[in-house]
Every structure is written in structure tokens, then in C-alpha cells.
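Observations on the three-dimensional arrangement
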Amino acid sequence: MGTTKMIYDLIPSSDPLLHEKIKKCSYNLDRKDISFTLNENMLYHNGVGLSANQLGIKERCFVMIRSEDIENLQTLVVFNPKVVKYSVRQELMEEGCLSYPDLRLPIRRPYSVIIKYEDAEKNIHKTKMSGFIARVFQHEYDHMEGIDFTQRQDGK
Ligand SMILES: [Zn+2]
């Protein structure tokens, strides 16, 4: 056990696990181990965010990039995330999803969000995200809720 490098195949977009709301993380979840797995797999699949259920793991957590500075890549793993508040201001931007290779869709989303989440040590954080990072968070958060970006597509 422990932190062995493990690359998963992404489950197909039709898998029911991508279309159900994921409940709170298991009490005994090894948060360090799953953080490692999420990070490894996001990097391997060249994503800016990756949810546990995309790997077939039914836990309410995901990894995402921490800033747009891809050169100095820093990631953030969140457990039991929640969006506390959405901004009124919205922004339209093209999005992709690792579960839908080659598909890019224009999606309108709030520009900023106030969010709450736990880290691997179960500390609770509340913070504001804006712009691209807020978009990534909302995209991954949607995965936790069983929603994928094809359901968010902007009315042509
Ligand atoms: Zn996605």
C-alpha cells in the first residue's frame, strides 16, 4: 500500500459514476494516498483539474491547478468541497474535460466563487477564487454533483 505510482484509465463519459452526486468522503479515506493518485493522474492526462470519480473512485474530492502559472505548477486537492457563493458577474469561455477528449464547449459560468473545502489534514478552508481558477473549481465541483460540462453548454 502507500504512495505507489498508479495511473488509472478514465472511466467513459457514459459511466453512471459521472452522473450521480458523490457523498461526503469516507471516514477512513487515506487522504494522502488519494492526493498523490489524483496529482499523478492529472499530470499524466495533462489536465488542469481531475475528480476522483473520473478515475472510478467514489469519493468527494478533486485536484486542480492552483494558479494559471503552468510553468511553476502547483496543485490543490480539495475534500468535501462546497460553493458558498457565486458572483453575479459571469463569463463565457471554452472548456474541455478529460472525460470528453477532443470536445470543447463554450460555457457561461460565474466569474468568481467563494468556496469551502477540507484539506488532507481535515482542516477547513474558506476562500475566494476568480477567473480561470474559479472556472476550474466549478467544473470539478460539477463532477462532484454528477453534472458534466455538456449539461452546462451555453445556448448556441
Ligand atoms: Zn471534467
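Model, not experiment: these values are computed from the prediction.

Criteria and thresholds
- Residues numbered from 1 in each chain as written.
- Predicted model: local features only at pLDDT ≥ 70, side-chain atom pairs only at ≥ 80, totals over all residues.
- Helix = DSSP H or I, 4+ residues; strand = E, 2+ residues; numbered from the N terminus.
- Rg over C-alpha atoms; globule rule 2.2 N^0.38 Å.
- Buried ≥ 20, exposed ≤ 12 C-beta atoms within 10 Å, placed from the backbone.
- Core = buried A, V, L, I, M, F, W, Y, C linked by C-beta atoms within 7 Å.
- Contact = placed C-beta atoms within 7 Å.
- Expected span 1.5 Å × (residues − 1).
- Arc of directions from axis to C-beta.
- Pairing = 2+ DSSP bridges.

Regarding the overall build of the protein chain
On a plain count of helices and strands, the protein chain comes out with two helices and seven strands. Across the protein chain, helices and strands are ordered from the amino to the carboxyl terminus as α-β-β-β-β-β-β-β-α. For the protein chain, whose C-alpha radius of gyration is 15 Å, the value lies close to the compact-globule estimate of 15 Å for 156 residues. For the protein chain, the spread of C-alpha atoms along the principal axes amounts to about 45 × 35 × 30 Å. A burial count over the protein chain gives 31% of its 156 residues as buried.

Re the nonpolar core
Leu 38, Cys 61, Phe 62, Val 63, Met 64, Val 78 and Phe 137 are the most contacted members of the largest nonpolar core, which has 25 residues in total. Mapped onto this core, the elements with two or more residues apiece are α1 (31–44), β2 (61–65), β3 (75–86), β6 (112–118) and α2 (131–144). For this core, the element with the most residues is α2, which contributes five residues. Aside from chain neighbours lying at most four places away, what touches Phe 62 is Leu 38, Gly 49, Leu 50, Ser 51, Ala 52, Val 78, Glu 140, His 143 and Met 144.

Side note on α1
With 14 residues, α1 should cover 20 Å at 1.5 Å per step; its first-to-last C-alpha distance of 20 Å lies within 8% of that length. Among all positions in α1, only Ile 34, Ser 35, Thr 37, Leu 38, Asn 41 and Met 42 are buried. The buried residues of α1 all sit within an arc of 165 degrees when viewed along its axis, so they share a single face. Its buried side turned inward, α1 meets β1 (49–51), β2 and β3.

Some words on the pairing of β2
β2 sits mainly inside the fold: four of its five residues count as buried. Relative to β2, β1 is paired through three bridges, and the arrangement is antiparallel. Along β2, the bridge assignment pairs Gly 49 with Met 64. Bridge count for β2 against β3 is five bridges, and the pairing is antiparallel. Considered in β3, the bridge of Ile 65 is made with Thr 75.

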